[in-house]
Amino acid sequence: MTMDLENLKGTLRARAEADTDAEELLARIGPARRRRRARRAIGAMAAVLALTGLVAVLVPRLPLGGYAVPGAPSAANPNPDSAAIGADPQTIHFGVGRFPYPVRTTTWAVLDGVERLSLWGNTVTFDDPQAHDDTEFFADLTLTPVTTSPTPNPTALPGTLQQPHSSPATVGGQPALVVTGKEPNSTLGATRITWQPMAGARAELSVRGPVPVDKALAFAGTLRLDVIHRCNLLVRTTALPDGAHVTGCSTMADSLRGDLTIRGPQGTISISVSAVAVFDRGATAGVGDAPQLPTLANGWPYEELDPSANTQHFTAYIRIPNPYLVVWAQGGFGLNDVLLVAGGLELSSR
Amino acid sequence: MTFEEYVLARGPALLRLARLLVDDVHRADDLVQDTLVRAYPRWSRILRADQPDLYVRRILINLNVSWWRRRASREIPVDLGADLRPDSADHGPQAAERLALWERVRALPPRQRAVIALRYYEDLDDDRISEILGCSRVTVRTHAMRALAAMRIQMHDLEEAHR
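Rules of the game
Residues numbered from 1 in each chain as written. Chains lettered and ligands numbered in written order. Predicted model: local features only at pLDDT ≥ 70, side-chain atom pairs only at ≥ 80, totals over all residues. Heavy atoms only, no water. Helix = DSSP H or I, 4+ residues; strand = E, 2+ residues; numbered from the N terminus. Buried < 20%, exposed > 50% of the residue type's maximum accessible area, 1.4 Å probe, protein only. Contact = heavy atoms within 4.5 Å. Areas by Shrake-Rupley, 256 points an atom, 1.4 Å probe, with all protein chains shown as cover. Pairing = 2+ DSSP bridges. Phe/Tyr/Trp six-rings, centres within 6.5 Å; stacked < 30°, edge-to-face > 60°. Axes fitted to C-alpha atoms, helices over the stretch in contact; angles between N-to-C directions. Parallel < 35°, antiparallel > 145°, perpendicular 65-115°, else oblique. Left-handed = near helix turned anticlockwise from the far one by under 90°. Nonpolar A, V, L, I, M, F, W, Y, C, P; charged D, E, K, R; others polar. pLDDT = per-residue confidence, 0-100.

J.: Help me out: how do you make sense of the overall build of chain A in this one?
T.: From N to C terminus, chain A includes five helices and 18 strands. Burial status across chain A gives 48% buried among its 350 residues. Put simply, 55% of the contacts in chain A that link residues at least 6 apart link residues at least 24 apart. Working note: accessible area of chain A is about 16000 Å², and carbon and sulfur atoms make up 55% of it.

And the structure:
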């Protein structure tokens, strides 16, 4: 059987053209947008005051040039301790200065003992029509205790890169190892910088895309350990299956989007807060919510979704329309575990 | 055109495009919501550029690539071949063929998949696709040729496997 373009077009049409309801789409974001406008005036005044104070604290530390990385520090951390790194799944024990290029999305996360800042963007401005694929960059800055992080090996790092080249450098006055190379099957260049910002901790900046090494090194030098970021998600857990723990949390700056990861001997349960929560937080159920939905132990209506509707081997999958989030299980966890966790969710005081 | 007018007029088309970019119909809903969340604060600027569809679809496709990148490192690799065996007892030949074709589309990298959706579903020319993706026309053609070649090869392999 050879592929026929008409067959392909028919397949795409069959997949795409199920019911779509623009009124419902608008209804789900419309009322909240109006609330957002009203809140904006009050929020703007408060934000200006808060920002003024924060800028006064931070500006002397920022190098000139570059673009601010979204996500202001939650608190100062005058006594950084390497033993605390990765120990709390909802605390990131570092901050950064400005990035050399505009950042499109910023994610602060802790997962399985690794603290991470992920940046994605283009080396040209977003609205530039000449923004080509080859301007795209991805940057990950991780912080781990040396006890759980292998010592960098210049001949082996990064294992997936082709034509790797390593060289010594200095970051924040500390010796660093820089490895550059090409990603396999790609024209993307990659740089990995590894150093110990303090005794007992290892930092690694991994950059893919057209970011020169000197700019990556300059950004690595802005790492600071005297602040912390709290990974505050819209919801918090109060009930977990036996032997399970929250091992991860991520939040996208300037958005309520985020995830919680729960791991136990049986498998993994994930809670993902969708962008719709930006508008729907605290709202009553939207137009599209069916009134006959079953409810969780916390009273929130939920809808059971088909766990096989994706490629990730979900064993159970539910959606909660208000606040808008999805919860799914993998491995040995099932629907009962998902309902237990979801029924124990509470709105957190962010 | 107000934001509301745009969503009412073009929201369904965005949903249809999103369904071709992601595997899960619920995630397609989320992707469109996420896109509109991003478009709303900059709506006046998007309108000034006089091509709202271009910019909104670019946001949608870039967000999808971002999601894909973020999730790729923690998601479980799947043997897509396991889902590729159309069951002729349950489906007619056309349905089985479409299922197999759709699995080939799903296996494409996100940029190639976007080009296939824009070219063969939205029926856009390569110039317009290059504007949406923010890449050159040559890159669009390369993505399309690679995607078609990959699907042909895999379809051929599939046929061999069923013989």
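Once you've had a look at it, read on.
J.: I'm lost on the pairing of strand β14 (residues 267–273) of chain A in this one. Help?
T.: Side-chain direction in a regular strand flips from residue to residue, so the side chains alternate between the two faces of the sheet. All names here are of chain A. Along β14, seven of the seven residues are buried, which leaves the element largely enclosed by surrounding structure. Count of turn residues in the strand β13 (residues 258–263)/β14 antiparallel hairpin: three residues. Here β14 pairs with strand β17 (residues 324–331) via seven bridges, running antiparallel. Bridge pairing in β17 places valine 273 opposite leucine 325.

J.: What is the right way to look at the sheet that holds strand β2 (residues 91–92) of chain A in this model?
T.: Residues and elements named next belong to chain A. One open sheet holds the three strands; their spatial order is β1-β10-β2, and the pairing between them is antiparallel. Bordering the open sheet on either side are β1 (75–76) and β2, each of which pairs with just one other strand. In terms of strand pairing, β1 meets strand β10 (residues 227–230) through two bridges, oriented antiparallel. Bridge assignment links alanine 75 to a residue of β10, and that residue is isoleucine 228.

J.: Just to check I follow, could you spell out the packing of aromatic side chains for this structure?
T.: Centre distance and the angle of the planes are the two values used to describe a pair of aromatic rings. All names here are of chain A. Tallying each qualifying case throughout the model produces eleven aromatic pairs over all chains. Between phenylalanine 99 and phenylalanine 219, the ring centres sit 4.8 Å apart and the planes meet at 75°, which makes this aromatic pair edge-to-face. Of this pair, phenylalanine 99 sits in the loop between β2 and β3 (103–111) while phenylalanine 219 sits in helix α3 (residues 213–220); the two residues are 120 residues apart in sequence, bridging distant segments of the chain. Assessed through its relative accessible area of 2%, phenylalanine 219 is described here as buried. Ring geometry for phenylalanine 314 versus tyrosine 317: centroids 5.0 Å apart, planes at 85°, classification edge-to-face. Classification of tyrosine 317 as buried rests on a relative accessible area of 1%. Grouped by ring-pair contacts, the aromatic residues Phe99, Tyr101, Phe137 and Phe219 constitute a single cluster.

J.: Explain the environment of arginine 257 of chain A to me, please; I cannot follow it from the model alone.
T.: You can see arginine 257 of chain A is positioned in the loop between β12 (245–252) and β13. Taking the C-alpha atoms as reference points, arginine 257 of chain A and tyrosine 324 of chain A, separated by 67 residues in sequence, lie 10.0 Å from one another.

J.: Would you mind going over the packing of helix α1 (residues 3–21) of chain B against helix α6 (residues 110–120) of chain B with me for this structure?
T.: Two quantities define a packed helix pair, namely the angle between the helix axes and the distance between the axes. Residues and elements named next belong to chain B. Packing of α1 against α6 brings their axes to within 9 Å, and their N-to-C directions diverge by 140°. In terms of axis orientation, α1 runs oblique to α6. Once α1 is placed against α6, the crossing between them reads as right-handed. Note on element contacts: α6 touches α1 through Arg113, Ala114, Ala117 and Leu118, opposite Leu17, Leu20 and Leu21. When the residues that make up the contact of α1 with α6 are grouped by side-chain class, the tally is six nonpolar, no polar and one charged.

J.: Please clarify how the environment of threonine 194 of chain A should be interpreted in this entry.
T.: Residues and elements named next belong to chain A. Topologically, threonine 194 is positioned in strand β8 (residues 189–198). Accessibility expressed as a relative area gives 5% for threonine 194, which makes it buried. C-alpha of threonine 194 to C-alpha of proline 168: the two residues are 26 residues apart in sequence and 9.9 Å apart in space.

J.: Even after reading the chapter, I still don't get the confidence of the model for chain B, so can you show me in this structure?
T.: The predicted coordinates should not be examined in detail at positions where pLDDT is low. Residue and element names in this part refer to chain B. Across chain B, pLDDT averages 75, with 77% of residues at or above 70. Looking at the elements of chain B, mean pLDDT is at its lowest for helix α8 (residues 137–162), recorded as 71, and at its highest for α6, recorded as 91. Counted against residues more than four places away or in other chains, residues 72–90, with its pLDDT under 50, gives 24 contacts. Low pLDDT, under 50, characterises residues 157–163; the predicted model gives this stretch six contacts beyond four residues in sequence or across chains. This complex was scored by the predictor with a pTM of 0.63 and an ipTM of 0.77.

J.: I tried to follow helix α5 (residues 335–343) of chain A on my own but got confused; where do I start?
T.: For an α-helix, the turn length of 3.6 residues means that residues three or four places apart are oriented alike. Buried residues of α5 of chain A: Asp337, Val338, Val341, Ala342 and Gly343 of chain A, and no others. On its buried face, α5 of chain A is in contact with β13, β14, β16 (314–321) and β17 of chain A.

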